[in-house]
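In case you want the letters, here they are:
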Amino acid sequence: MGKCPRISVRNRQRKVPLNVAELQEFAAKALQNCLQLQKEKQTDLRKLGEISVWLISDRRMSKLHRQFLRQRGPTDVLTFQHGEIFISVETARRHARVFANSLMRELQLYIVHGLLHLHGFDDRMPADARRMKRMQERILSRALSR
């Protein structure tokens, strides 16, 4: 078994107060759980030495979204294969309200989503998206149980 990459959660937005330490602890557990999946596959998640989760504003997310995906407006999470996961906290807060989740739960979901992308999961086709959603739920519940 290769060495586990380090994961860091960094808050780069000031609009929404967050418990970054709690997210950091969750991210480390979620990473361990993700690495239990697809053991035979050499994915980016296995090759990376470091993963950075950046908590950013809608404004910054809109710029990244336009620059890399040629799409307007913010999105919830963008994952880059060199190990960066960008999460818009304001978008997460809006989605949390819509889905009656806590903001913390929504952010945890996005962290898992980003990790699964780095681990070779895809959500472009409906069947793949369903599989990815099942994995997200499994990882979330495992990482949240003590």
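Residues numbered from 1 in each chain as written. Predicted model: local features only at pLDDT ≥ 70, side-chain atom pairs only at ≥ 80, totals over all residues. Heavy atoms only, no water.

Engineer: Whenever I open this one, a positive patch on the surface confuses me. Can you help?
Structural biologist: On the surface, Arg 12, Arg 59, Arg 60, Lys 63, Arg 66 and Arg 72 cluster together into a positively charged patch. Inspection of the secondary structure assignment puts Lys 63 in helix H3 (residues 58-69). (Patch = residues over 30% accessible without salt bridge, like charges linked within 9 Å, V, L, I, M, F, W, Y side chains within 5 Å. Areas by Shrake-Rupley, 256 points an atom, 1.4 Å probe, with all protein chains shown as cover. Salt bridge = Lys/Arg side-chain N within 4 Å of Asp/Glu carboxyl O. Lys, Arg positive; Asp, Glu negative; His and termini not counted. Charge placed at Lys NZ, Arg CZ, Asp CG, Glu CD. Helix = DSSP H or I, 4+ residues; strand = E, 2+ residues; numbered from the N terminus.)

Engineer: Just to check I follow, could you spell out the nonpolar core for this structure?
Structural biologist: Within soluble globular proteins, side chains that are nonpolar tend to cluster in buried spots. Counting residues in each nonpolar core, the largest one holds 37 residues, and the members touching the most others are Ile 51, Ile 87 and Leu 115. Those elements that provide at least two residues to this core are strand E1 (6-11), helix H1 (20-35), strand E2 (50-56), strand E4 (84-88), helix H4 (89-98), helix H5 (103-118) and helix H6 (126-144). Looking at which element gives the most residues to this core, the answer is H5, with 10 residues. Setting aside residues up to four positions removed in sequence, Leu 115 forms contacts with Ile 7, Ala 27, Ala 30, Leu 31, Cys 34, Leu 45, Ile 51 and Ile 85. Membership of the second largest hydrophobic core comes to seven residues, among which are Ile 56, Leu 64, Leu 78 and Phe 86. (Core = buried A, V, L, I, M, F, W, Y, C linked by side-chain atoms within 4.5 Å. Buried < 20%, exposed > 50% of the residue type's maximum accessible area, 1.4 Å probe, protein only. Contact = heavy atoms within 4.5 Å.)

Engineer: I would appreciate a short explanation of the sheet that holds E1 in the present structure.
Structural biologist: Hydrogen bonding along the main chain pairs the strands of a sheet, whether they run parallel or antiparallel. Ordered by their spatial adjacency, four strands build an open sheet running E1-E2-E4-E3, and the pairing between neighbours is mixed. Because the sheet does not close on itself, it has two edges, and the strands there are E1 and strand E3 (77-80). Sheet twist, expressed as the average angle between the axes of neighbouring strands with direction ignored, equals 15 degrees. The pairing of E2 with E4 spans five bridges and is classified as parallel. Opposite Leu 55, over in E4, you have Ile 87 as the bridge partner. Each of E1, E2, E3 and E4 is contacted by H5, which is oriented at about 150 degrees to E4, the strand it contacts most. (Pairing = 2+ DSSP bridges. Axes fitted to C-alpha atoms, helices over the stretch in contact; angles between N-to-C directions.)

Engineer: Looking at this structure, how should I read H3?
Structural biologist: Helical geometry: 3.6 residues make up each α-helical turn, so side chains three or four residues apart lie on a common side. If you check H3, its first and last C-alpha atoms are 15 Å apart, about what 12 residues at 1.5 Å a residue would give, namely 16 Å. For H3, the full list of buried residues reads Asp 58, Met 61, Ser 62, Leu 64 and His 65. All buried residues of H3 fall inside an arc of 165 degrees around its axis, so they share one side. In this structure, the buried side of H3 is in contact with E2, E3, E4 and H4. Looking one or two residues beyond H3, the residue adopting positive phi is Arg 70, at roughly 55 degrees. (Expected span 1.5 Å × (residues − 1). Arc of directions from axis to C-beta.)

Engineer: How do you make sense of the side chain of Glu 106 when you look at a structure like this?
Structural biologist: Following the sequence through the fold, Glu 106 ends up in helix H5. Of the side chains with opposite charge, Arg 105 comes closest to the buried, unpaired Glu 106, at an N-O distance of 6.8 Å. Within polar-contact distance, the side chain of Glu 106 engages the side chain of Asn 101 at 2.8 Å. Excluding anything up to four places from it in sequence, Glu 106 contacts Ala 92, His 95, Ala 96, Phe 99 and Asn 101. (Polar contact = N/O pair within 3.5 Å; in protein donor to acceptor, adjacent residues only side chain to side chain.)

Engineer: Got a minute to help me understand the environment of Asn 33 in this structure?
Structural biologist: One can find Asn 33 in helix H1. Note on Asn 33: relative accessible area 15%, which makes it buried. Each C-alpha atom of the pair Asn 33 and Arg 142 lies 7.3 Å from the other, and the pair is 109 residues apart in sequence. For Asn 33, the residues in contact, after removing those within four places along its chain, are Ile 139, Arg 142 and Ala 143. From its side chain, Asn 33 meets the backbone oxygen of Lys 29 in a polar contact 2.9 Å long.

Engineer: What's the story with the packing of H1 against H5 in this structure? I'm lost.
Structural biologist: Angle between the axes and distance between the axes are the two parameters that describe a pair of packed helices. Between H1 and H5, the shortest axis-to-axis distance is 10 Å and the interhelical angle comes to 35 degrees. In terms of crossing hand, the pair formed by H1 and H5 is right-handed. For the pair H1 and H5, the contacting residues are Glu 22, Leu 23, Phe 26, Ala 27, Ala 30, Leu 31 and Cys 34 in the first and Met 104, Leu 107, Gln 108, Ile 111, Val 112, Leu 115 and Leu 116 in the second. Classifying every residue of the contact of H1 with H5 by side-chain character gives 12 nonpolar, one polar and one charged. (Left-handed = near helix turned anticlockwise from the far one by under 90°. Nonpolar A, V, L, I, M, F, W, Y, C, P; charged D, E, K, R; others polar.)

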